[in-house]
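# Structural features, examined
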Amino acid sequence: MEQAAEWSLFCVDAGSAYCPCYLAESGECIACSLLRGEDFCQCSWSGTCSYLNQRWARGAVKSRQEEEVEVTRTELAPNLFCLELMLQAEMARELVNPGAFLLLRALELPPQAWVPVSVVEARGEKVRVVVYVDGPKTRFLVKPASRLAVKGPFYNGVQGLAILKRVRDGLGLIIAGGVGQSTAASVARQLLRGGNRVRACLAPGRAGLNYAADLLRALGVEVNEVSSLRREGLATL
């Protein structure tokens, strides 16, 4: 496996349309030493400059989009639901990247009720997510209603994206259980684009279902399903 890139930048939004953010405005940018008030640039970053973005923006911070969207719910297993959302094209096209996720909220609940949910699949304006009901906020998400509030896109649901995008002609192993399966397909697609072979070991966990198995197999991934990663996962690798 390749070594991590040797730069201080570890903010997934740096150089994007959402840079600068409120951390830059408060002098606490985690990527740019100049925005933290230091005298010299120490980021070793060759992409779009966060410091110049902040100066050109003149203090303006672009917020994530928030919209009300149509939703179709399908019960996959007890307390496990697939939600199909119809999003605006601008937001939907950003959700194909590994680790992309959204914040969801029932319209009748206050802003404190946002729930982060990883994207399983994004095709055109249709986006699929899987929700496991584990409390009042998620229970409201799966109640019969035609619309939900959605905020996004967000990108850092998977760590080590720089390495993932650089791996070529190797063997990738995806180990996922429960709702952690939601990011498996986007990670597999990224590895396959690099000419890698991909294997996956899935366990249902609390979700009670290996819901990503068929999607991974359709991509050409060799999938091994086990009942428990702790009891059987290591022995099957």
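Residues numbered from 1 in each chain as written. Predicted model: local features only at pLDDT ≥ 70, side-chain atom pairs only at ≥ 80, totals over all residues. Heavy atoms only, no water.

Turning next to the sheet that holds strand E7 (residues 171-177). Read across the sheet, three strands follow the order E7-E8-E9 without closing on themselves; strand pairing throughout is parallel. Whereas interior strands pair on both sides, the edge strands pair on one side only; in this sheet they are E7 and strand E9 (222-225). Here the strands of the sheet are splayed against their neighbours by 15 degrees on average, with no regard to which way each runs. Of the pairings in the sheet, the one linking E7 to strand E8 (residues 197-203) comprises seven bridges and is parallel in character. (Pairing = 2+ DSSP bridges. Helix = DSSP H or I, 4+ residues; strand = E, 2+ residues; numbered from the N terminus. Axes fitted to C-alpha atoms, helices over the stretch in contact; angles between N-to-C directions.)

A few words now on helix H6 (residues 184-193). Among the ten residues of H6, seven are classified as buried, and the element is accordingly described as predominantly covered. Ala-184, Ala-185, Ser-186, Val-187, Ala-188, Gln-190 and Leu-191 are the residues of H6 that are buried. With its phi angle positive at about 75 degrees, Gly-195 sits one or two positions after the end of H6. (Buried < 20%, exposed > 50% of the residue type's maximum accessible area, 1.4 Å probe, protein only.)

Strand order around the closed barrel formed by six strands is E1-E2-E5-E4-E3-E6, with antiparallel pairing between neighbours. Strand-to-strand twist across the sheet, computed as the mean angle between neighbouring axes with direction ignored, equals 45 degrees. Taken together, the six bridges between strand E1 (residues 65-77) and strand E6 (residues 147-154) define a ladder with antiparallel strand orientation. Across the sheet, residue Gln-65 finds its bridge partner in E6, namely Gly-152.

A few words now on the pattern of salt bridges. Counting across every chain of the model gives twelve salt bridges. Here Arg-105 and Glu-66 are joined by a salt bridge, their closest N and O atoms 3.5 Å apart. A residue pair is termed long-range when its members are at least 10 positions apart, and Arg-105 in strand E3 (residues 101-105) and Glu-66 in strand E1 qualify at 39 residues. Judged by relative accessible area, which is 11%, Arg-105 ranks as buried. Between Glu-222 and Arg-199 there is a salt bridge; the shortest N-O distance is 3.6 Å. With Glu-222 in strand E9 and Arg-199 in strand E8, this residue pair connects regions lying 23 residues apart in the sequence. Salt bridges sharing partners connect three or more residues here, namely Glu-121, Arg-123, Arg-128 and Arg-189. (Salt bridge = Lys/Arg side-chain N within 4 Å of Asp/Glu carboxyl O.)

Before going further, it helps to spend a moment on the environment of Thr-183. Relative to the assigned elements, Thr-183 resides in the loop between E7 and H6. Note: C-alpha distance between Thr-183 and Val-221 (38 residues apart in sequence) is 14 Å. With near-sequence residues (within four places) excluded, Thr-183 lies in contact with Ser-118 and Val-158. (Contact = heavy atoms within 4.5 Å.)

Quick look at the environment of Val-167 now. Checked against the element boundaries, Val-167 lands in the loop between helix H5 (161-166) and E7. Residue classification places Val-167 among the buried residues on the basis of a relative accessible area of 16%. For the pair Val-167 and Leu-191, spaced 24 residues apart in the sequence, the C-alpha separation amounts to 7.2 Å.

Now for the packing of aromatic side chains. Aromatic ring pairs: the centre-centre distance and the angle between the two ring planes describe each pair. Inspection of the entire model under this criterion finds one aromatic pair. Ring geometry for Phe-101 and Phe-154: centres 5.3 Å apart, planes at 20 degrees, overall stacked. Linking Phe-101 in strand E3 with Phe-154 in strand E6, this pair joins segments that are 53 residues apart in sequence. Here the two residues Phe-101 and Phe-154 agree in accessibility, since each one is buried. Seen from the ring of Tyr-18, Arg-64 lies directly overhead, with NZ or CZ sitting 4.1 Å from the centre. Taking the ring centre of Trp-114 as reference, the NZ or CZ of Arg-105 above it sits at 4.6 Å. (Phe/Tyr/Trp six-rings, centres within 6.5 Å; stacked < 30°, edge-to-face > 60°. Lys NZ or Arg CZ within 6 Å of the ring centre and 35° of its normal.)

Turning to empty space enclosed by the protein, a few remarks are in order. Rolled over the atoms, a probe with the dimensions of a water molecule shows which regions are left empty. Applying the stated criterion across every chain, the model contains one cavity of 30 Å³ or more. Computed from the structure, the largest cavity encloses a volume of approximately 100 Å³. Contributing to the lining of the largest cavity are 14 residues, with Cys-11, Cys-19, Pro-20, Cys-21 and Cys-29 lying nearest its centre. A breakdown of the residues in the lining of the largest cavity according to their chemical character gives twelve nonpolar, one polar and one charged. (1 Å grid on protein atoms, 1.4 Å probe; cavity = no way out; pocket = protein on both sides within 12 Å on 5 of 7 lines; lining within 4 Å. Points joined across faces, edges and corners; volume = space filled by probe spheres on them. Nonpolar A, V, L, I, M, F, W, Y, C, P; charged D, E, K, R; others polar.)

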